[in-house]
Structure formats: structure tokens, C-alpha cells
Amino acid sequence: MKTRIRANAIALILVTFLVSFFMACVPGNQERSGDSIKFQQYYAEGERLYKAYCSNCHQNDGTGLRRLYPPLVNSDFMTQNLNEVLCIIKYGRKGELWVNRIMYNQPMKGNPGLTELEVAEIATYIYNSWGNVHETIEVAEVASVLASCEDKE
Ligand code: HEC
């Protein structure tokens, strides 16, 4: 009987070990498990800010609005231009802009009142919602990118 219990315990330990091993191998998980509390805080605060500052145009589900407001879901522009996106959030943008082979050309106003932390939170939120997957976007990264934005209106 005792050996049975011990065997069960060993099996349980083995299974737990294997499961955590495989979880760590899933892409994206490793990065997040290291700083998951921070990630969750950024994400939650980013969601609140997104609803206040962005969802009017880009919508709660990030799909945008017809040819007026570009989508944040599956946006090739976002995938390829993280730095520019950080600049756009803070300083806005105007002129032609291509997302998934569709051209948009309406000015987006900046939000100069947002702090570096708030920009990092919003970016973490949009880069991890609606199927988008990315690691936490750090304040230090935002600070150095914002210092080099081209158009600071
Ligand atoms: C008044 C409507 C409006 C609001 C509010 C707004 N945007 Fe935009 N956004 C636009 C438009 C229009 C463009 C295209 C700009 C251009 O043509 O140069 C754009 C472009 C973008 C892009 C790059 C294109 C893409 O779809 O990948 C991102 C990312 C983005 N906005 C994120 C945000 C975030 C985050 C917020 C909130 C902080 C926000 N926007 C607030 C209208 C808006």
C-alpha cells in the first residue's frame, strides 16, 4: 500500500514537471511567465486607456472603421513598425498610411499628455489583444523611442 502511494506521488511529480516543461516551450509563454504580474498590470491599465483614448476610432475589438480608421487586428503596419506606432500614439500622424494593402489617409491626433508609462501600457495592450502576441513593451524602450520620433507636434 505504502509503495503504491509513493509510486503515485512520484508519478504526480513527474507529470507536473513535464507539464511545466512543455508550457515553458510554448512561444511567448517564457517571456510572460517571467514578468507576468507586470504584464497583467500593463495590460489591464492599457485596456482602460485604450477605451478612453483609442476605441472611438479603432473600436473596442480593434477592427477600425471602414476606410477611415485602420485596424489594429492583424495589422502588418503594427508588426513592422513598433517604433513608429509608439510615436503615433503620443504624437499622432498624417499622410498616406498602408495597412494590409489598404491605404488610409486621415490625420490621427496625438496624445501629448500621455506619460511614457501610459504609452507602454497602451502599446502592451494593443500588441497583445485580438490575436496579437508580443512581450511586455517596456517603459525604457518607449522613452528612448519617443525621444527620436520625427514629428513631434
Ligand atoms: C480620431 C480617431 C482616432 C483616434 C482617437 C486614434 N486613432 Fe489611431 N489612427 C487613426 C487614423 C485615421 C490613422 C491613420 C493615420 C494616417 O493616415 O496617417 C491611425 C493610425 C493608427 C495606427 C497605425 C496604423 C495601424 O492600424 O496599424 C495605430 C497603431 C494606431 N492608430 C493606434 C492608435 C491608438 C493606440 C490610439 C489611442 C491612444 C489611437 N490610435 C487613437 C485614427 C484614430
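Structure: above.
Calculation notes
Note on numbering: residues in each chain are counted from 1, in written sequence order. Side-chain atom pairs in this predicted model are given and counted only at pLDDT of 80 or more, local residue features only at pLDDT of at least 70, and totals for whole chains, interfaces and linings cover all residues. Derived side-chain values reflect all non-hydrogen atoms in the structure, with water molecules and hydrogen atoms excluded from consideration. A run of H or I in DSSP counts as a helix once it spans at least four residues, and a run of E counts as a strand once it spans at least two, with each numbered from the N terminus. Buried means the residue's accessible area, taken with a 1.4 Å probe over protein chains only, is under 20% of the maximum for its type, while exposed means over 50%, and partly exposed covers the values in between. To be clear on the numbers: accessible area is Shrake-Rupley with a 1.4 Å probe, and residue cover counts the displayed protein chains and nothing else. Disulfides are defined as pairs of cysteine sulfur atoms found within 2.5 Å of each other. Throughout this document, a residue counts as near a molecule or strand when at least one of its heavy atoms sits within 4 Å of that molecule or strand. Identification of polar contacts relies on pairs of N or O atoms within 3.5 Å, with a donor-acceptor requirement for protein atoms, meaning one able to donate a hydrogen and the other able to accept it, and with residues adjacent in sequence counted only if both atoms are side-chain atoms. Nonpolar residues are Ala, Val, Leu, Ile, Met, Phe, Trp, Tyr, Cys and Pro. Charged residues are Asp, Glu, Lys and Arg, and all others, Gly as well, are polar. Pairing of aromatic side chains requires ring centres within 6.5 Å, counting the rings of Phe and Tyr and the six-membered ring of Trp. Pairs whose planes differ by under 30 degrees are stacked, by over 60 edge-to-face, and all others tilted.

Participant: Can you tell me about the overall build of the chain, naming the residues and giving the values?
Facilitator: Counting secondary structure elements, the chain contains 8 helices and 4 strands. Here the chain, with 153 residues, has 33% of them falling under the buried criterion. For the chain, the accessible area works out to roughly 10000 Å², and carbon and sulfur atoms hold 57% of it.

Participant: Summarise the state of the cysteines; cite the residues concerned and give the values.
Facilitator: A complete count under the given rule lists 1 disulfide for this structure. In this model, Cys87 is linked to Cys149 through a disulfide, with the two sulfur atoms separated by 2.0 Å. Residues Cys87 and Cys149 are joined through a disulfide that is left-handed, its torsion about the S-S bond being -90 degrees. Separated by 62 residues along the polypeptide, Cys87 in helix H6 (residues 82–91) and Cys149 in the segment after helix H8 (139–146) bring together distant segments of the chain. Judged by relative accessible area, Cys87 falls into the buried class, the value being 13%.

Participant: Describe the site of the ligand, with residues and values.
Facilitator: The ligand sits among 26 residues. The nearest are Cys54, Cys57, His58, Pro71 and Met108. Within the backbone of Pro71, an N or O atom sits 2.6 Å from an oxygen atom of the ligand. Considered class by class, the residues forming the shell around the ligand number 18 nonpolar, 6 polar and 2 charged.

Participant: So, the packing of aromatic side chains: which residues are in play, and what are the values?
Facilitator: Per the stated rule, a full pass over the model turns up 5 aromatic pairs. In textbook terms, an aromatic cluster arises when at least three aromatic residues are bridged by ring pairs, as seen for Phe39, Tyr43, Tyr50, Tyr125 and Trp130.

All we've got here are geometric facts, nothing functional implied.
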